[in-house]
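A closer look at the structure
In case you want the letters, here they are:
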Amino acid sequence: MENLNRKKVAILATNGFEESELKEPLNALKEAGADVDIVSEKSGKIKAWQDGNWSNTYNVDKTLDDVSQSNYNALVLPGGVMNPDTLRKNKDAVNFIKSFFENHKPVAAICHAPWLLAEADVLKGRKVTSYASIKKDIINAGAHWEDSEVVVDQGLVTSRNPNDLPAFTSKLVEEIYEGKHKMQTA
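Residues numbered from 1 in each chain as written. Predicted model: local features only at pLDDT ≥ 70, side-chain atom pairs only at ≥ 80, totals over all residues. Heavy atoms only, no water.

**Here we look at the packing of helix α1 (residues 19–31) against helix α6 (residues 165–178)**
The axes of two packed helices give the description: the angle between them and the distance between them. Relative orientation of the contacting elements α1 and α6 amounts to 45 degrees, with a least axis distance of 10 Å. Overall, the two elements α1 and α6 adopt an arrangement that is oblique. The chirality of how α1 crosses α6 is right-handed. Residues S20, E21, E24, P25, A28 and L29 of α1 lie in contact with α6, whose contacting residues are L165, F168, T169, L172, V173 and I176. (Axes fitted to C-alpha atoms, helices over the stretch in contact; angles between N-to-C directions. Helix = DSSP H or I, 4+ residues; strand = E, 2+ residues; numbered from the N terminus. Parallel < 35°, antiparallel > 145°, perpendicular 65-115°, else oblique. Left-handed = near helix turned anticlockwise from the far one by under 90°. Contact = heavy atoms within 4.5 Å.)

**Observations regarding the pattern of salt bridges**
If the charged atoms of two oppositely charged side chains come close together, the side chains can form a pair. Tallying each qualifying case throughout the model produces eight salt bridges. Among the ionic pairs, D153 bridges to R126, the shortest N-O distance being 3.5 Å. Placement of the pair is D153 in strand β11 (residues 151–153) and R126 in the loop between α4 (114–119) and β9 (127–128), with a sequence separation of 27 residues. D153 sits in the buried class, given a relative accessible area of 14%. Exposure remark for R126: the relative accessible area of 6% places this residue in the buried category. Put simply, E174 and K171 hold a salt bridge, and the shortest N to O gap is 3.4 Å. Of this pair, E174 and K171 both sit in helix α6, three residues apart, roughly one helical turn. Classification of E174 as partly exposed rests on a relative accessible area of 23%. A relative accessible area of 28% places K171 in the partly exposed class. Several salt bridges share partner residues, and in doing so they unite K8, D35 and D37 into one network. (Salt bridge = Lys/Arg side-chain N within 4 Å of Asp/Glu carboxyl O. Buried < 20%, exposed > 50% of the residue type's maximum accessible area, 1.4 Å probe, protein only.)

**As for the sheet that holds strand β4 (residues 45–50)**
The strand order across the open sheet formed by three strands is β2-β4-β5, and the pairing between neighbours is mixed. Each having just a single partner strand, β2 (17–18) and β5 (53–59) make up the two edges of the open sheet. Looking at chain direction, β4 and β5 are connected through five bridges and run antiparallel. Looking at the pairing, I46 lines up with Y58 of β5. (Pairing = 2+ DSSP bridges.)

**Topic: the sheet that holds β11**
The seven strands are arranged β6-β3-β1-β7-β8-β12-β11 in an open sheet whose pairing can be described as mixed. On the outer flanks of this sheet lie β6 (62–63) and β11, each paired with one strand and no other. One ladder, built from five bridges, connects strand β1 (residues 8–12) with strand β3 (residues 35–40); its direction is parallel. If you follow A10 over to β3, its bridge partner there is D37. Contacts between α1 and the sheet are confined to β1, β3, β7 (74–77) and β8 (107–110), with β3 contributing the most and set at about 155 degrees to the helix. Contacts from α6 reach β1, β7, β8, β11 and β12 (156–159), with the element oriented near 175 degrees to β12.

**Structural notes on unusual backbone geometry**
One non-glycine residue, H104, lies in the positive phi region at around 60 degrees. Unlike most non-glycine residues, C111 shows phi in positive territory, near 70 degrees. Residue position: C111 is located in the loop between β8 and α4.

**Description of α6**
End to end, α6 covers 20 Å across 14 residues, agreeing with the expected 20 Å (1.5 Å per residue, within 8%). Taken together, the buried positions of α6 are occupied by L165, A167, F168, T169, L172, V173, E175 and I176. Taken together, the buried residues of α6 touch β1, α1, β7, β8, β11 and β12. Count one or two residues on from α6 and you reach G179, which has phi positive near 90 degrees. (Expected span 1.5 Å × (residues − 1).)

Structure follows, in structure tokens:
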């Protein structure tokens, strides 16, 4: 596994995130040596969704008001339906996401999280995947959608669902290790 010592990663989430899509990348990043912050709209705790029910709560490390892309080397966007649907209505969240692209930093999005990329208007001409039910939304945002467990395009890592997490986390760590990607842009 790549050594991510001295790398700082933000995971942007709010209530209703798919638990495994936050927990597994979080654990993989920490295991690789990264310092990881869970960033959300408000301080306190956020509640996970798992198997059609509410699940565990997770501590929020920083709020959107407290952070900038300059604080981080990369961004992870877990899915679930509620999480990205709520965050895409938050101008600060969308601007935070877009700023990673403007600064050529790796971004990883799984499941329904590519909705956030569509909202940030960063998908035009990019190769991506997502949960199958939002395929049309992603294509309409200008992306080239493909049905693969993980798609990597110049620092952008996307996957379809929790079954793809092993491939997703592996590529996520690899892309962060590689650093900035010149072609990763908004």
